[in-house]
Amino acid sequence: MVRAGLEEGVVSRGIERGLLDVAIHDLRDHTTDRHRSVDDVPYGGGPGMVMKPEPLARAVETIRRERGTPDTVVLLSPQGRRFSQSEAERLSRVGHVVLLCGRYEGMDERVRTLVATEELSIGDYVLSGGELAALVIIDAVGRLIPGVVGDDQSVQEDSFSRGLLDYPHYTRPSEFEGLKVPDVLLSGHHAEVLRWRRRAALERTLARRPELLDVAALTDEERALLTEIRKEQEKKS
Ligand code: 4HQ
């Protein structure tokens, strides 16, 4: 599943170009029994199965031996701290990250205590395994590594790296199904375009994710724009 997810896209090309390295480890290769079991019944009973601690501990031991001690060992689970753009930025500066993916009902608690150094969740929903969460993290972190995305200005300007939602984008044709591209974007007036985009990003953020404005790093000009937008909204309502 992880291999398939890394077969295409900008991060996979970054891997091919040697800008980052991703190794996939199969927990079954770190089992000792005939059935290569990675799960077992829960102590205390109840439904489902629990990931055994030994294969995970042995896998990380092998990683230590073969690739050196990781700087962080991340357990993926809905109980973790929420993964965000700032977490992605932090991990993009960490040299060696191990991502632990589980299946079934979850992992033996001792993996948390003994093997993991932190725990992250990609959101409040239940996946059938940690692999998709790992792919999400590899993608969001990978594209922040210098050179992975061709145009690093686009990375810097991305929604969330600025703490705001994105402004609306348009390309040709200038009219589609009766909907016109805003005139200012066709005007060639660069300063006006920037102003329009800043305002549109603020309007959208205020309408859809107002809580983001509490923590966004806004310039004085953006604060002034926001006050203006809020006044307009008051008038409308
Ligand atoms: N999981 N963010 C692992 C998640 C999840 C999430 C479900 C991970 C079940 C065993 N992981 N197990 N949300 O839903 O990271």
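First things first, this report covers the structure right here in the doc. (Residues numbered from 1 in each chain as written. Predicted model: local features only at pLDDT ≥ 70, side-chain atom pairs only at ≥ 80, totals over all residues. Heavy atoms only, no water.)

Quick look at the site of the ligand
What counts here: Here, proximity means that at least one heavy atom of the residue falls within 4 Å of the molecule or strand. Here a polar contact is taken to be a pair of N or O atoms separated by no more than 3.5 Å, where protein atoms must pair a possible hydrogen donor with a possible acceptor and residues adjacent in sequence count only if both atoms sit in side chains. Here, Shrake-Rupley sampling with a 1.4 Å probe gives the accessible areas, and only protein chains in the shown set may cover a residue. Helix and strand definitions here come from DSSP, where helices need a minimum of 4 consecutive H or I residues and strands a minimum of 2 consecutive E residues; each element is numbered from the N-terminal end.
In the vicinity of the ligand lie 15 residues, with Ser121, Ile122, Gly123, Tyr125 and Leu127 positioned nearest. Within the backbone of isoleucine 122, a nitrogen or oxygen atom sits 2.9 Å from a nitrogen atom of the ligand. Between the ligand and leucine 127 there is a distance of 2.9 Å, counted from an oxygen atom to a backbone nitrogen or oxygen. Isolated, the ligand exposes 360 Å² of accessible area, and the fraction of that covered by the protein chains is 94%. Secondary structure elements with two or more residues in the shell around the ligand: strand 3 (72-82) and strand 5 (118-121). Among the elements that take part in the shell around the ligand, strand 3 stands out by supplying three residues, more than any other.

What to know about the sheet that holds strand 4 (residues 97-100)
Filter applied, for reference: When DSSP finds two or more bridges between a pair of strands, those strands are recorded as paired. Here an angle of 0 to 180 degrees is reported between the N-to-C directions of two axes, which are lines fitted to C-alpha atoms, with helices fitted over the stretch in contact. We call two residues in contact whenever any of their non-hydrogen atoms come within 4.5 Å of each other.
Taking strand neighbours across the sheet as the criterion, the three strands line up as 4-3-5 in an open arrangement whose pairing is parallel. The sheet is open, and its two borders are formed by strand 4 and strand 5, each paired with just one other strand. Each adjacent strand pair in this sheet contributes to an overall mean axis angle of 45°, direction not counted. Both strand 3 and strand 4 contribute to a ladder of four bridges, which runs parallel. Residue pairing for strand 4: valine 73 is matched across the bridge by valine 98. Each of strand 3, strand 4 and strand 5 is contacted by helix 4 (residues 85-92), which is oriented at about 135° to strand 5, the strand it contacts most.

A look at unusual backbone geometry
When glycine is set aside, most residues are seen to have a negative phi, and most peptide bonds are trans. Cis geometry marks the peptide bond from arginine 172 to proline 173, where omega comes out at 0°. Looking at where proline 173 falls in the secondary structure, it is placed in the loop between helix 7 (152-157) and strand 6 (175-176). For arginine 36, which is not glycine, the phi dihedral falls at a positive 55°. Turning to its location among the elements, arginine 36 is positioned in the loop between helix 2 (10-16) and strand 1 (39-40).

A closer look at the environment of serine 121
Structurally, serine 121 can be placed in strand 5. Considered as a pair, serine 121 and valine 74 are 47 residues apart in the sequence and their alpha carbons are 9.8 Å apart. Residues in contact with serine 121, not counting those within four places in the same chain, are Ser77, Pro78, Gly80, Arg81, Arg82 and Phe83.

Nothing here speaks to function; it is all geometry.
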